[in-house]
Amino acid sequence: MSVILGIETSCDETSAAVLRDGILLSNVTKTQLVHHRYGGVVPEMASRAHQKLIVPIVRQALETAGVRIDEIHAVAAVYGPGLIGSLIVGLNFAKAFSLARGIPFIAVNHLVAHLYSNFLEEDKPEFPYVALIVSGGHTILSFVEAPFVHRVLGETRDDAAGEAFDKVAKMLGLGYPGGPAIDRAAMEGDPAYVSFPRADIGGAYEFSFSGIKTSVLYHLRKNGLLPGNGKRVEPPVLNHIAASFQAAVVDVLTKKTVRAAGEHRVRHVTVSGGVAANNALRKSLRGELSARGIALHIPRMDFCTDNGAMTAYIGMLRLERGDHSPLDVGPAPSIDLVDEVICHA
Ligand code: KG4
Ligand code: ZN
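Residues numbered from 1 in each chain as written. Chains lettered and ligands numbered in written order. Predicted model: local features only at pLDDT ≥ 70, side-chain atom pairs only at ≥ 80, totals over all residues. Heavy atoms only, no water.

**Overview of the domain arrangement of the protein chain**
For the protein chain, the assigned domains read domain 1 (3-116 + 303-344) and domain 2 (124-298). A C-alpha centroid distance of 27 Å is found between domain 1 and domain 2. Across the domain 1/domain 2 interface, buried area totals approximately 1700 Å², and carbon plus sulfur atoms make up 70% of it. Among the residues of domain 1 in contact with domain 2, L115, Y116 and C304 are the three that bury the most area, contributing 34% of the side total. One can count 5 residue pairs in polar contact (both at pLDDT 80 or more) joining domain 1 with domain 2. When residues of the side of domain 1 that touches domain 2 are traced back to their parent elements, those giving at least two are α3 (110-115) and α10 (308-320). (Domains from an automatic or database assignment. Buried area = accessible area lost by both parts, 1.4 Å probe. Polar contact = N/O pair within 3.5 Å; in protein donor to acceptor, adjacent residues only side chain to side chain. Helix = DSSP H or I, 4+ residues; strand = E, 2+ residues; numbered from the N terminus.)

**Notes on the packing of aromatic side chains**
Considering all chains together, one arrives at 9 aromatic pairs under this definition. Three or more aromatic residues link up through ring pairs in this structure, and these residues are Y116, F119, F127, Y129, F148 and Y313. (Phe/Tyr/Trp six-rings, centres within 6.5 Å; stacked < 30°, edge-to-face > 60°.)

**Here we look at the site of ligand 1**
Surveying the vicinity of ligand 1 reveals 18 residues, the closest of which are G136, D166, D183, G274 and N278. Here D183 contributes a side-chain N or O atom positioned 2.8 Å from a nitrogen atom of ligand 1. In the complex, 87% of the free accessible area of ligand 1, which totals 550 Å², lies under the protein chains. When the residues that make up the shell around ligand 1 are grouped by side-chain class, the tally is 5 nonpolar, 10 polar and 3 charged. (Near = heavy atom within 4 Å. Areas by Shrake-Rupley, 256 points an atom, 1.4 Å probe, with all protein chains shown as cover. Nonpolar A, V, L, I, M, F, W, Y, C, P; charged D, E, K, R; others polar.)

**Topic: the coordination of the zinc ion (ligand 2)**
Looking at the zinc ion (ligand 2), one finds its protein donor set to be H110 (NE2), H114 (NE2) and D306 (OD), positioned 2.1 to 2.2 Å from the metal centre. Considered as a linear motif, the donors of the zinc ion (ligand 2) on their single chain read H-x3-H-x191-D. Placement of H114 in helix α3 and of D306 in the loop between α9 (301-304) and α10 is noted, with a sequence separation of 192 residues between them. In this structure, H114 and D306 share a single accessibility class: buried. (Donors = N, O, S within 2.8 Å, 3.2 Å for Na, K, Ca; no water. Buried < 20%, exposed > 50% of the residue type's maximum accessible area, 1.4 Å probe, protein only.)

**Overview of unusual backbone geometry**
Backbone phi values are negative for most residues with the exception of glycine, while trans is the configuration of most peptide bonds. For the bond from Y176 to P177, the omega torsion is -5°, close enough to zero to count as cis. On the secondary structure map, P177 appears in the loop between α4 (161-171) and α5 (178-186). In this structure, P236 follows P235 across a cis peptide bond, with omega equal to 5°. Residue placement: P236 occurs in the loop between α6 (210-222) and α7 (237-263). For F148, which is not glycine, the phi torsion reads 65° and is therefore positive.

**A closer look at the pairing of strand β8 (residues 149-155)**
Judged from the 6 bridges that link them, strand β7 (residues 139-146) and β8 form a sheet pairing that is antiparallel. Directly across from L141, in β8, lies its bridge partner G154. Counted along the chain from β7 to the antiparallel partner β8, the turn is 2 residues long, and its residue F148 has a positive phi close to 65°. (Pairing = 2+ DSSP bridges.)

**Section: the sheet that holds strand β2 (residues 13-20)**
Strand order in the open sheet formed by 5 strands is β3-β2-β1-β4-β5, and the pairing between neighbours is mixed. The open sheet has two edge strands, β3 (23-31) and β5 (105-109), and neither has a second partner. The average undirected angle you get between the axes of adjacent strands in this sheet is 20°. Where strand β1 (residues 3-8) meets β2, 6 bridges bridge the pair, whose relative direction is antiparallel. Among the inter-strand pairings, E8 is bridged to a residue of β2, identified as S15. The strands touched by helix α2 (residues 84-101) are β1, β4 (74-80) and β5; relative to β4, the strand with the most contacts, the crossing angle is about 155°. α10 rests against β1, β2, β3, β4 and β5 of the sheet, and its axis sits at about 135° to β1. (Axes fitted to C-alpha atoms, helices over the stretch in contact; angles between N-to-C directions. Contact = heavy atoms within 4.5 Å.)

**Description of the side chain of S142**
Mapping S142 onto the fold places it in strand β7. On the basis of relative accessible area, S142 is assigned to the buried category, the value being 0%.

**Focus: the pattern of salt bridges**
Overall, the coordinates contain 10 salt bridges when judged by the stated rule. Taking the shortest distance from any N to any O, the salt bridge between D70 and R68 comes out at 3.0 Å. With a relative accessible area of 51%, R68 lands in the exposed category. One salt bridge connects R321 with D323, and the closest N-O pair in it is separated by 3.2 Å. When its relative accessible area of 45% is taken as the criterion, R321 is described as partly exposed. (Salt bridge = Lys/Arg side-chain N within 4 Å of Asp/Glu carboxyl O.)

**Side note on the sheet that holds β7**
Across the sheet, which stays open at both edges, the 5 strands sit in the order β8-β7-β6-β9-β10 with mixed pairing between neighbours. Each having just a single partner strand, β8 and β10 (295-297) make up the two edges of the open sheet. Between one strand and the next, the sheet's axes are offset by a mean angle of 20°, whatever the strand orientation. Examined bridge by bridge, strand β9 (residues 268-272) and β10 share 3 bridges and lie parallel to one another. Across the sheet, T270 pairs through a bridge with H297, a residue of β10. Along the sheet face, helix α8 (residues 279-290) touches β6 (129-134), β9 and β10 and points at about 155° away from the line of β10.

Below is the structure:
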């Protein structure tokens, strides 16, 4: 019997979840809207918002779950990667909670939590599998061999896929976050209108999206379509450029994911992160993978984007193994997928 409280504050979502014996009782997430008017996440504002939200969100998660504070066996919180000011809020809350209640504290790597987020769903992947994490901050392809045995195959060398969506949306005069806006605009567009470069750099599984982004910029500039010089991109050209850009990103993501699945002979692939919402990406991956008899797992959106449930899930696995974390674990803004802070209880 275990009741875990999971806390997520790595970027601009404040989230808390309660997991009892592997069953999710609540997952309360508040996306901070304050950043929208600035066209991106403002770190200082994110940490202030987390500070305001953390107690009410945890309270709401406990109420929804129908669980009292004294029924919680362990508290798990993300310690990195992410924005330092944001991480500090959730991490310190969890450490104080652990100290006050005399329960174990478990520091969770945010990327590890993304890797296993599909286990929150009924339809679980089977080991080994290839996992693609595509969000505003990350684009990582990894091989998950067994529980907690995973390695990075490749990641982006510059912009994350979601970041490229957001930046191109800005150039096209669409709002923030740009991914959903481009996804919508692209539905009415011709993906073959402009052939933007599909960067296939270096290692087989490395990504680069800054070249595609720059090509969109040059295309808009060359055709006098950059917002601000009197003209702006209007439909249907707007739709065509959105579709062409999206097609380039989706092609690269699909090609490398399918290649990784083939070379590692897996029967399952998981995708998580905000960009997993993208309709063209889902369609492309589903088509290519099902043609090879490989199952695609994309959790519901609440579990794709940053959430406390996946933190709680890792907390549960770690508690089962007796892996707690010392209370002096600090925020680690730049850790990668493989780092874990464990002290065996
Ligand atoms: O995982 P997430 O909510 O936050 C972090 O980055 O941690 O991902 C947000 C990113 C943003 O860059 C957003 O533009 C992108 O996911 N996104 C999308 C779509 N929905 C969200 N990108 C493409 N198509 C979408 N439908
Ligand atoms: Zn994330």
